[in-house]
Protein chains: 2
Amino acid sequence: MRTLGYAVLSLLSREDLSGYDLKRWMERPLGYFWSAKHSQIYPELARLEDEGFVTHRVVEQQGKPDKKVFAITAEGREALKAWVTEPPVGRAPRDELILKAYSMWLAEPGAAAVLFEEQGRLHEEQLRHYKATEAWMEENWGGSPEKMDFDDFASYAALRRGIGYERDYAEWCRWVAAGLKERLSG
Amino acid sequence: MRTLGYAVLSLLSREDLSGYDLKRWMERPLGYFWSAKHSQIYPELARLEDEGFVTHRVVEQQGKPDKKVFAITAEGREALKAWVTEPPVGRAPRDELILKAYSMWLAEPGAAAVLFEEQGRLHEEQLRHYKATEAWMEENWGGSPEKMDFDDFASYAALRRGIGYERDYAEWCRWVAAGLKERLSG
DNA sequence: TGTACCATGTAATTGGTTACATGATTAC
DNA sequence: GTAATCATGTAACCAATTACATGGTACA
C-alpha cells in the first residue's frame, strides 16, 4: 500500500470526509508533514474503495454541488492499525536549503545572508502558527498530555514534532546568517 | 534545472568525481539531506554535459575498470552560484513517522512505544555519527567557524543542521514513547 | 464583471526507485 | 567458490506535480 493511502485513512479514521475536505486537511494541519494535491487524492480514494478500505455515499447540498463523502471500513481501520506500528521505510530527507548552504561559499556572503534571514523568518512564522494551535489544544484538552484522550494525544504529538522542527530550523537559519555576516565585515 | 543537477554540481564544484564517486558522496555526507541512486546519477551527468555544465575525461586504471571523471565548467559554476541565493521551492516535507504518530491512538500503546523507542535509537545513532564528524572538522579547521575557510564553513553549516535535526528528532521520539508508556501503566 | 470557493475528475510530464544487465578484480 | 567493490549503463514502474477541463454559487 501507498503511504498516501494511509494518510487518507488516517484522516478518515477520525471523521468522514469528501475528497475536497481531504485536500484541505492535507494543506493544514496534517499537510505539514504529508501533503497531496487533489489530482492525487481523487484517484487514491477510488483505489482505496476498490481495495475495500473505504466506501462512499453521495450527499446532496443546496447551493453547492453534490459531494461524495467517504468513510473508512473495518478493513481500512485494521490495515491502518497494522501499519501504525510497522517501522517506516527509510526515505532520504530532501532539503534544498541545506544543499544551498553546502554551496554558499560560491556566493556573495551578503546575498546568502539575506536568503537565510528570509528563510529563518518563514520558519519562525510557521512556529508561531504551530504554537497558537498548541495553546488552543492545551486549553481545550486537559492541559497536560496524560489527561488527553488518546486521539488528542496523537494529534498533539504530531504537532509537537512540528514545533521542534521549526524552532530548530529557524535557529539554524539565524546561526548561518550570523556566520555569513561576520565574513562580510570582519 | 533539476535540484539533482545542482546537487551534482555542488559536489563537482569542490572536486572532480566519477559517477561512481558521486553515488558514494550521495550516500554519506551530502546524502543525509539529498540522495540519489546511481540509476538517476548517470543520466543526470549525461544531461548536465549536454547542457554544458560539466565535461568528462576517461581515466584508465590498473586492476580496475576505466572511469569517466567529471569536472564542472565555468557555466556550471555560474549556474550553481546563481541558484545558491535563490529561495528554495517550498516542497512539502514528508515524514512517515509523524503520520504514524498521528494515528497511533488506534494501536496498542505498548507496541507503539516500541516503535518510537526503536526510531529514537536510530536517530541517536545518526546523531553520534554527525558529532564524530563535527569533532573531526573542529579539530582540523580552526576550531571556531569564523576561522574556517568559506567552503569548510559551508560544509560545517550543513552538518550543523543535521545535528540539530537528529538531536531534536531523537528527543521527540523519547517524549512520545514516554507518553505512550504512561498510558500503559497509569 | 470578475474573483473566490465548492466540487470532481483526467492527462501529461517529471522525479525517483527497483529491477535488469554486464564484467573484471580483490579479499576471505 | 563466493561475496564485495569498482564501474556504467538501460528499462519498467510508481509517486507526485502541473496542466487541462467543467460548472454552479456567493460576494464585492
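All values reported here derive from a predicted model rather than from experimental measurement.

A. Highlighting the relation of the copies chain B and chain A. Mapping chain B onto chain A leaves a residual RMSD of 0.0 Å; the transformation is a rotation of 180° accompanied by 0.0 Å of translation along its axis. Such a turn and shift between the copies fits a two-fold axis. Both copies contact each other with a shared surface, as 99% of the interface residues of chain B are interface residues in chain A too.

B. Main features of the sheet that holds strand β3 (residues 67-72) of chain B. Residue and element names in this part refer to chain B. In spatial order, the strands read β1-β3-β2; together these 3 strands make up an open sheet with antiparallel pairing. Where the open sheet ends on each side, the last strands, each with one partner, are β1 (17-18) and β2 (54-59). As paired elements, β1 and β3 share 2 bridges and run antiparallel to each other. Across the sheet, the residue bridging to L17 is F70, located in β3. Those strands touched by helix α3 (residues 38-50) are β2 and β3, and its axis lies near 120° from that of β2.

C. Region of the structure containing the pattern of salt bridges. What the rule picks out here adds up to 18 salt bridges over all chains. The network of salt bridges with shared partners includes A:R2, A:E44 and A:E51.

D. Structural view of the sheet that holds strand β1 (residues 17-18) of chain A. All names here are of chain A. Here we have 3 strands laid out as an open sheet, ordered β1-β3-β2, and antiparallel in their pairing. The open sheet has two free edges, formed respectively by β1 and β2 (54-59), since each of these has just one partner strand. In terms of strand pairing, β2 meets strand β3 (residues 67-72) through 6 bridges, oriented antiparallel. When the sheet's bridge partners are listed, T55 is paired in β3 with A71. In the packing of helix α3 (residues 38-50) onto the sheet, contacts are made with β2 and β3, and the angle to β2 comes to roughly 120°.

E. Representation of the protein's contact with DNA strand D within the structure. The full set close to DNA strand D counts 21 residues, and A:S39, A:G63, B:Y20, B:Q61 and B:K68 are the nearest of them. Between DNA strand D and A:G63, the relevant distance is 3.4 Å, taken from a sugar or linking oxygen to a main-chain nitrogen or oxygen of the residue.

F. A look at the protein's contact with DNA strand C. Around DNA strand C lies a shell of 21 residues, among which A:Y20, A:Q61, A:K68, B:S39 and B:G63 are the nearest. When the atoms of DNA strand C within 4 Å of the protein are grouped by moiety, sugar and phosphate amount to 64% of the total. Note that a phosphate oxygen of DNA strand C is positioned 2.7 Å from one of the side-chain N or O atoms of A:Y20. Looking at the surface near DNA strand C residue by residue, the classes come out as 5 nonpolar, 8 polar and 8 charged.

G. Layout of the domain arrangement of chain A. Residue and element names in this part refer to chain A. Each assigned domain of chain A is listed with its residue range as follows: domain 1 (3-84) and domain 2 (96-185). A straight line from the C-alpha centre of domain 1 to that of domain 2 covers 29 Å. On the domain 2 side, the residues contacting the 4 residues of domain 1 number 7 residues. Counting the surface lost from both domain 1 and domain 2, the interface buries some 430 Å², and carbon and sulfur atoms represent 47% of this. By the criterion of area lost to domain 2, the three top residues of domain 1 are R14, Y32 and F33, representing 89% of everything that side buries. Where domain 1 meets domain 2, there are 3 residue pairs in polar contact (both at pLDDT 80 or more). A per-class count over the side of domain 1 that touches domain 2 returns 2 nonpolar, no polar and 2 charged.

H. A look at α3(A). Residue and element names in this part refer to chain A. The end-to-end C-alpha distance of α3, which contains 13 residues, comes to 19 Å, matching closely the 18 Å that a straight helix rising 1.5 Å per residue would cover. Looking at α3, one finds that the buried residues are I41, E44, L45 and L48. For α3, the buried positions fall inside an angular range of 105° around the axis, keeping them on one side. Set apart from the buried face of α3 by more than 90 degrees, the exposed residues are S39 and D50. Of the surrounding elements, those touching the buried residues of α3 are α1 (3-12), α2 (19-25), β2 and β3. Phi for G52, located one or two positions after α3, is positive at around 85°.

Reading the values: rules and limits
- Residues numbered from 1 in each chain as written.
- Chains lettered and ligands numbered in written order.
- Predicted model: local features only at pLDDT ≥ 70, side-chain atom pairs only at ≥ 80, totals over all residues.
- Heavy atoms only, no water.
- Least-squares fit on C-alpha atoms with pLDDT ≥ 70 in both.
- Contact = heavy atoms within 4.5 Å.
- Pairing = 2+ DSSP bridges.
- Helix = DSSP H or I, 4+ residues; strand = E, 2+ residues; numbered from the N terminus.
- Axes fitted to C-alpha atoms, helices over the stretch in contact; angles between N-to-C directions.
- Salt bridge = Lys/Arg side-chain N within 4 Å of Asp/Glu carboxyl O.
- Near = heavy atom within 4 Å.
- Polar contact = N/O pair within 3.5 Å; in protein donor to acceptor, adjacent residues only side chain to side chain.
- Nonpolar A, V, L, I, M, F, W, Y, C, P; charged D, E, K, R; others polar.
- Domains from an automatic or database assignment.
- Buried area = accessible area lost by both parts, 1.4 Å probe.
- Expected span 1.5 Å × (residues − 1).
- Buried < 20%, exposed > 50% of the residue type's maximum accessible area, 1.4 Å probe, protein only.
- Arc of directions from axis to C-beta.

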